[in-house]
Amino acid sequence: MSSQLLCIETTTTQCSVALCADGELSTFAQSNHENYQHAQLLHTYIDKVLSKHNLKPSDLNAIALSSGPGSYTGLRIGAAAAKGLCYANDIPLIAIPTMDIVAREITPSGGHIIATLDARRNEVYCAIYTHDYQCLQPASPHVITSKSFAKWTAKGPVYFVGTGLEKCEEIVDHNTKFIFPKDPSFPSATHMVKQAQDAFEQQVFEDVAYFDVDYLKAFQTSPQKRTHWVSRPNR
């Protein structure tokens, strides 16, 4: 089935957009800023990749969105853009779990993949995959301990990937079967292409009006400082 699909990934500090045609990457734009510049960059990147191929949003067959977990701000910005474009142009929305995208940052020949995203303190979001990306354990929050993930080493090498790998490497008891890349990797729209095409061909679409991203945890803010009121005598 012929297709022009737009992929949007905004769940971490990296903001990325990719255009793919018939399951092949056509062009992409991405950058990584520690202070989150998604609100300023996302629509610029969308215009950039479409303009390069003389396309308008209405020419797209679907939009694929990285659906979480991840940064609350990043998820909201990505979802608002994707849903707005889908609604305005009457095109379908495809949701791809963020951990499925993270796992595809590496291509091991065997063993298992532990896809991670950094969370608070000693916690990560993580999901477990076979080396060929079959999900064995869906994404969930996990407080890392020295014994975390040890059971997976009985089945071959265990590859860590994602923004939480440094935290995992620091805390878990080291095992010769644990493999940690030199640098953490960030989810990218360039690794959404195959999943987006598969979902499009199988017509796996979301209800644009009711779709929401998967935060996994409730939003938390820093506690507000209490205001101390001092009563003054009447004069």
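What counts and how
Residues numbered from 1 in each chain as written. Predicted model: local features only at pLDDT ≥ 70, side-chain atom pairs only at ≥ 80, totals over all residues. Heavy atoms only, no water. Phe/Tyr/Trp six-rings, centres within 6.5 Å; stacked < 30°, edge-to-face > 60°. Helix = DSSP H or I, 4+ residues; strand = E, 2+ residues; numbered from the N terminus. Buried < 20%, exposed > 50% of the residue type's maximum accessible area, 1.4 Å probe, protein only. Pairing = 2+ DSSP bridges. Axes fitted to C-alpha atoms, helices over the stretch in contact; angles between N-to-C directions. Salt bridge = Lys/Arg side-chain N within 4 Å of Asp/Glu carboxyl O. Contact = heavy atoms within 4.5 Å. Core = buried A, V, L, I, M, F, W, Y, C linked by side-chain atoms within 4.5 Å.

## A few points about the packing of aromatic side chains
By the definition in use, this model includes six aromatic pairs. Consider the rings of Phe160 and Phe178, whose centres lie 5.2 Å apart with planes at 85°: the pair is edge-to-face. Of this pair, Phe160 sits in strand β9 (residues 158-162) while Phe178 sits in strand β10 (residues 178-179), placing them 18 residues apart in sequence. There is no split in this pair, since Phe160 and Phe178 are both buried. Between the aromatic rings of Phe200 and Phe205, the centroid separation amounts to 6.3 Å while the plane-to-plane angle is 50°, which identifies the pairing as tilted. By the ring-pair criterion, three or more aromatic residues cluster together here, those being Phe149, Phe160, Phe178 and Phe180.

## Looking at the sheet that holds strand β1 (residues 4-9)
Each strand in a sheet pairs with its neighbour through backbone hydrogen bonds, running either in the same direction (parallel) or in the opposite one (antiparallel). The sheet built from five strands is open, its strands ordered β3-β2-β1-β4-β5 with mixed pairing. In the strand order of this sheet, the two ends are held by β3 (24-32) and β5 (93-96), each with one partner. Within the sheet, the average angular offset between the axes of one strand and its neighbour, ignoring direction, is 15°. Inspection of the sheet shows β1 paired to strand β4 (residues 62-66) by four bridges, in the parallel sense.

## Quick notes on the pattern of salt bridges
All told, the structure shown has four salt bridges when counted by the stated rule. Measuring nitrogen to oxygen at the nearest pair gives 3.0 Å for the salt bridge that ties Lys147 to Asp173. Of this pair, Lys147 sits in the loop between β8 (135-143) and β9 while Asp173 sits in the loop between α4 (165-171) and β10, placing them 26 residues apart in sequence. Under the relative-accessibility criterion, Lys147 is labelled exposed at 59%. For Lys194, the salt bridge identified is with Asp198, shortest N-O distance 2.8 Å. With Lys194 and Asp198 both in helix α5 (residues 193-201) and four residues apart, this pair spans about one turn of that helix. For Lys194, a relative accessible area of 57% puts it in the exposed group.

## Looking at the environment of Ile101
Looking at where Ile101 falls in the secondary structure, it is placed in helix α3 (residues 98-103). Along the sequence, Ile101 and Thr130 sit 29 residues apart, while their C-alpha atoms lie 14 Å from each other. Leave out the neighbours within four places in its chain, and Ile101 touches Glu9, Ser66, Ile96, Pro187, Ser188, His191, Met192 and Gln195.

## Brief notes about the nonpolar core
In summary, soluble globular proteins display a tendency toward joint burial of nonpolar side chains. Among the nonpolar cores identified, the biggest contains 27 residues, and Leu6, Ile8, Ile46, Ile63 and Leu65 are the most heavily contacted of them. At the level of elements, β1, β2 (14-21), α1 (38-52), β4 and α2 (72-89) are the ones that each hand at least two residues to this core. If sequence neighbours within four positions are ignored, Ile63 has contacts with Leu6, Ile8, Ala82, Leu85, Cys86, Ile91, Pro92, Leu93 and Ile94. One finds Cys20, Ile101, Val193 and Ala196 within the second-largest nonpolar core, a separate group that totals 15 residues.

## Details of the sheet that holds strand β6 (residues 112-118)
Taking strand neighbours across the sheet as the criterion, the five strands line up as β8-β7-β6-β9-β10 in an open arrangement whose pairing is mixed. The open sheet terminates on both sides in strands that have one partner only, identified here as β8 and β10. Bridging between β6 and β9 involves five bridges; their strand directions are parallel. Its bridge partner being in β9, His112 is matched across the sheet by Val158.

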